[in-house]
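The residues making up each chain are set out below.
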Amino acid sequence: MVQRQPGKRDILTGLNEEQVRAVTTVAGPVLIVAGPGSGKTRVLTHRVGYLIEAGYASPWHILAVTFTNKAAREMRTRLEALIGLEQAQRLTVGTFHATCARILRRDGGRIGIDPRFTIYDDADQLEAVRQALKALGLDPKQFSPRSILSRISAAKSQFQSPQQFAEQVQSYWDEVVSRVYPRYEEILRRNQALDFEDLLTETLRLFHEHPDVLARYQDWYRYVLVDEYQDTNRVQYLLVRSISGAHRNLCVVGDPDQSIYGWRQADIRNILDFKRDYPDATEIHLELNYRSTRSIVEAADAVIRANRLRIERRLRTENPRGEPIRLRECYDEGHEAQFVASEIRRLTLRGDLRYRDIAVMYRTNAQSRPLEEALIRADIPYQLIGGLRFYERKEIKDALALLRVIANPNDSVSLQRVLANTPLGAGIGDRTWQELERWAALTRQPVARGIAALAGQSDVAPPQISGRPARLLAEAWGTLQQLWEASERLLPSELFDLALERSGLAQLYHDAGDPEQIERWENLLQLRSVLASYDSVGDGALRAFLEESALVTDADTLDDASDQVTLITLHAAKGLEFPVVFLTGVEEGLLPHARSLESEAQLEEERRLFYVGMTRARQRLYITYTFRRARFGAADLSVRSRFVDDIPVHLIDRGDGPARPDTSPARPVDRRTTPSDGASSPPLAVGMRVFHARFGDGVVAEVRPVQSDQEVVVDFKRHGRKTLLASLANLTVD
Ligand SMILES: Nc1ncnc2c1ncn2[C@@H]1O[C@H](COP(=O)(O)OP(=O)(O)OP(=O)(O)O)[C@@H](O)[C@H]1O
Ligand SMILES: [Mg+2]
């Protein structure tokens, strides 16, 4: 096949002067700091193309690090168009985690890591914490495994060993964590598993202990490029510095104003310190935003300028002014969702916009539910990013656990899952499992070995299990052995079929009649088609597949091909762009999130998050907030986010009055008199004594006109100060 090989010129066309400089300054360290939509990612991609086309490097000498697998795939696709498929395939483009996993598979043996190691994803890690808690006799219901895990992950990413962590314990909570942490590590080691933190820290340890290995990678990756550099943490920073240490051809791009992963130990100093660590670095600023209309750019600029901890920089664009930013107050979250759905309907009916051009964003995952309901009711197709993902469904996890056990028999967490959830383990109860675990902890051997001993295939003293459970375990072991043997000769998709059949999963789901089971079977078939795409990979195909599936991050489920509205959290939306963006729930307590209200630094991070959301929009930006919102089961009055106040009024369109709930009979709206329905509300004035059904007696402190209604601030005797909408509050005047 003859491929069109574009030359240098092609790679530089369509770039502005500064972008060309960023692409062609190939030697030495380069720092590109620029605002959203200024072409940072585009520059990085073209730079890779340029290095190859201009003859500076062969594809295999280039390492490009992206923030998500999705971003990696996108970059690769663009490069295929720029430099041809063959060249693009030889590049290393991936996330930190994927890159490190590859390095450890190859060279981890030098520091005692079995190349067949399993990668524990978030759910596996939580399960390991749960197991550790149980082993310590602590109740997972009392000590949130999620919080413990995030504390452990934080410690690990700061190189704190369990011992070091224990030495600096200061609270009761830390004390609990310090007991769980070593157990957690032990469980991972016993299962030959690495968590996400390990992938990075173990790679660093490998480099540190074996300089010859590091030297090999340094020589290999002569050109290193990193996107979204502002969100790298300390460990990632050290990795980048090590790998690029010899040639120093390191190019990083980022935007300190978009640093939103502080809670995951991202360290904004990495970008600020770059110049100190590389005093000879070429620094390039990209000035122009190509993504958004002038209204959006000016509004976003005004919002971010209110942060104090930032380098003064102006965002500007030559794009047309476009439409104003649409700010809408809605009655509650149901009404907000209705408003979003009806706007989407309106926009798409006009014909120039498709569903996939539209994204609805929110601060927390839980906010997606009413939105989903409204979209379903309006018959609008959508995809949810970061909800219950495909890979988190039970049947998928079960099948994956089975495949993992086949790839690595010593992975006890997966083995337990297989025995607990598939017909393979039918009849094997908790008691049996507890004994196996006790045995494993005592002998410091993988559980698999205990089972092998029961089946008469290992010389170690077997666990104390006899009778029917022992027989069942031995049988299951026999089946697994057949699968191990088969895995040597079968293609991934063939192995999948065999594994599903032998484990009984196929019969369980396929032969079942009810729709839910059929849906599960369909999901399994979908998984099979993913596996089939690895059939052509050759040796190590199964492992490559398991690797990818463990590393899929939230943003990776985004499927560009389908015409669907995207529902996504602000965190996952980083780096993406959409013609139309709805930012919903822009309220105090949500954005900024309640947890961030106490510290200035966290408040600033929340503001950056809002800024990231605003700057995803190309043509139209909606900002919505509610008058009241159900939180923790009870409806609470909401206050519009302070961030909105920083948008210059002339850029805003508030619509004509508060957006009105649609009182169609399809969804009866309780108590939903529209605010303009003010006839029943008494005239209120400051100083009046009033009574409210829920809050009791109070005195009016303030009255403000809002569109066609009044906002009343009342000091209640028992419940303190509340802000109410006059037409809805049903206040009785004394
Ligand atoms: N010189 C240019 N001419 C035309 N369009 C451009 C140019 N540079 C960038 N763009 C377009 O502008 C948009 C934003 O570019 P890109 O995604 O690379 O920005 P970014 O700086 O990486 O943004 P973010 O900070 O949000 O990740 C893209 O659609 C890109 O194709
Ligand atoms: Mg980008």
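Residues numbered from 1 in each chain as written. Chains lettered and ligands numbered in written order. Predicted model: local features only at pLDDT ≥ 70, side-chain atom pairs only at ≥ 80, totals over all residues. Heavy atoms only, no water.

### Considerations on the site of ligand 1
Inspection of the region around ligand 1 gives 19 residues, with Gln-19, Lys-40, Thr-41, Glu-577 and Arg-616 positioned closest. Between an oxygen atom of ligand 1 and a side-chain N or O atom of Arg-291, the distance comes to 2.9 Å. If ligand 1 stood free it would expose 640 Å²; the protein chains cover 82% of that surface. Among the residues making up the shell around ligand 1, the classes are represented as three nonpolar, 10 polar and six charged. (Near = heavy atom within 4 Å. Polar contact = N/O pair within 3.5 Å; in protein donor to acceptor, adjacent residues only side chain to side chain. Areas by Shrake-Rupley, 256 points an atom, 1.4 Å probe, with all protein chains shown as cover. Nonpolar A, V, L, I, M, F, W, Y, C, P; charged D, E, K, R; others polar.)

### Let's talk about the UniProt feature "binding site: ATP" (unreviewed entry) in the protein
Here the UniProt-annotated "binding site: ATP" (unreviewed entry) positions come out as Ala-34, Gly-35, Pro-36, Gly-37, Ser-38, Gly-39, Lys-40 and Thr-41. The residue Ala-34 is located in strand S1 (residues 30-34) in this model. Setting aside its immediate chain neighbours within four residues, Ala-34 contacts Lys-40, Gly-254, Asp-255, Leu-286 and Arg-313. Tracing the sequence through the fold places Thr-41 in helix H3 (residues 40-53). By relative accessible area, Thr-41 is classed as partly exposed at 32%. (UniProt positions renumbered as here; feature names shortened; annotations may be inferred. Helix = DSSP H or I, 4+ residues; strand = E, 2+ residues; numbered from the N terminus. Contact = heavy atoms within 4.5 Å. Buried < 20%, exposed > 50% of the residue type's maximum accessible area, 1.4 Å probe, protein only.)

### Remarks on the nonpolar core
Counting 50 residues, the largest nonpolar core has Leu-415, Leu-542 and Phe-545 as the members making the most contacts within it. Listed in part, the 39 residues of the second largest apolar core include Cys-100, Ile-113, Ile-243 and Phe-274. (Core = buried A, V, L, I, M, F, W, Y, C linked by side-chain atoms within 4.5 Å.)

### Things to note about empty space enclosed by the protein
Here the structure, examined in full by the defined rule, presents seven cavities of 30 Å³ or more. Here the largest cavity is characterised by a volume of approximately 90 Å³. If you go around the largest cavity, the residues you meet are Arg-105, Arg-116, Phe-117, Thr-118, Ile-119, Arg-404, Ala-407, Asn-408, Arg-543, Leu-546, Glu-547 and Ala-550. Contributing elements (two or more residues each) for the lining of the largest cavity: strand S4 (118-119), helix H18 (394-407) and helix H26 (541-551). Take the lining of the largest cavity: its biggest share by element is four residues, from H26. When grouped by side-chain class, the residues that make up the lining of the largest cavity number five nonpolar, two polar and five charged. Taken together, the elements giving at least two residues each to the lining of the second largest cavity come down to strand S2 (62-65), helix H6 (96-107) and helix H13 (234-243). (1 Å grid on protein atoms, 1.4 Å probe; cavity = no way out; pocket = protein on both sides within 12 Å on 5 of 7 lines; lining within 4 Å. Points joined across faces, edges and corners; volume = space filled by probe spheres on them.)

### Considerations on the packing of aromatic side chains
All told, the structure shown has 15 aromatic pairs when counted by the stated rule. Measuring from ring centre to ring centre gives 5.5 Å for Tyr-534 and Phe-545, while their planes differ by 80°; the resulting arrangement is edge-to-face. With Tyr-534 in the loop between helix H25 (515-532) and H26 and Phe-545 in helix H26, this pair connects stretches of sequence that are 11 residues apart. Accessibility classification places Tyr-534 together with Phe-545 in one group, the buried group. Each residue in the set Phe-207, Tyr-217, Trp-220 and Tyr-221 is aromatic and connected to the rest through ring pairs, giving one cluster. Here Lys-574 stacks its cationic end above the ring of Phe-67, 3.7 Å away from the centre of that ring. (Phe/Tyr/Trp six-rings, centres within 6.5 Å; stacked < 30°, edge-to-face > 60°. Lys NZ or Arg CZ within 6 Å of the ring centre and 35° of its normal.)

### Some remarks on the sheet that holds strand S17 (residues 652-653)
An order of S11-S12-S10-S13-S14-S9-S17 is seen for the seven strands of this open sheet, with the pairing classed as parallel. Each of the sheet's edge strands pairs with one partner strand only, and the pair in question is strand S11 (382-384) and S17. As paired elements, strand S9 (residues 325-330) and S17 share two bridges and run parallel to each other. Across the sheet, residue Arg-326 finds its bridge partner in S17, namely Asp-653. Where helix H16 (residues 333-349) meets the sheet, it contacts S9, strand S10 (358-362), strand S12 (565-569), strand S13 (578-583) and strand S14 (617-626), and its direction lies at approximately 155° from that of S14. (Pairing = 2+ DSSP bridges. Axes fitted to C-alpha atoms, helices over the stretch in contact; angles between N-to-C directions.)

### Quick word on the sheet that holds strand S8 (residues 282-286)
In spatial order, the strands read S3-S2-S6-S7-S1-S8; together these six strands make up an open sheet with parallel pairing. Two strands lie at the open edges of the sheet, namely strand S3 (92-94) and S8, each paired on one side alone. Going across the sheet, the axis of each strand differs from the next one's by a mean of 10°, ignoring polarity. Relative to S8, S1 is paired through five bridges, and the arrangement is parallel. Along S8, the bridge assignment pairs Ile-32 with Ile-284. In this fold helix H2 (residues 17-24) packs onto S1 and S8, with an angle of close to 145° to the strand it touches most, S8. The strands touched by helix H14 (residues 269-277) are S1, strand S7 (250-254) and S8; relative to S1, the strand with the most contacts, the crossing angle is about 140°.

### A closer look at the pattern of salt bridges
A complete count under the given rule lists 52 salt bridges for this structure. Among the salt bridges present, the one from Lys-156 reaches Asp-195, with a minimum N-O distance of 2.9 Å. Taken as a pair, Lys-156 in helix H8 (residues 145-157) and Asp-195 in the loop between strand S5 (193-194) and helix H11 (196-209) lie far apart in primary sequence, 39 residues in all. Note on Lys-156: relative accessible area 5%, which makes it buried. According to the relative accessible area criterion, Asp-195 is buried, its value standing at 0%. When the shortest N-O distance is used, the salt bridge between Glu-577 and Arg-618 registers 3.9 Å. A residue pair is termed long-range when its members are at least 10 positions apart, and Glu-577 in the loop between S12 and S13 and Arg-618 in strand S14 qualify at 41 residues. For Arg-618, a relative accessible area of 33% translates into the label partly exposed. Ionic contacts of the salt-bridge type, sharing partners, join the residues Asp-121, Asp-124, Lys-397 and Arg-404 into one network. (Salt bridge = Lys/Arg side-chain N within 4 Å of Asp/Glu carboxyl O.)

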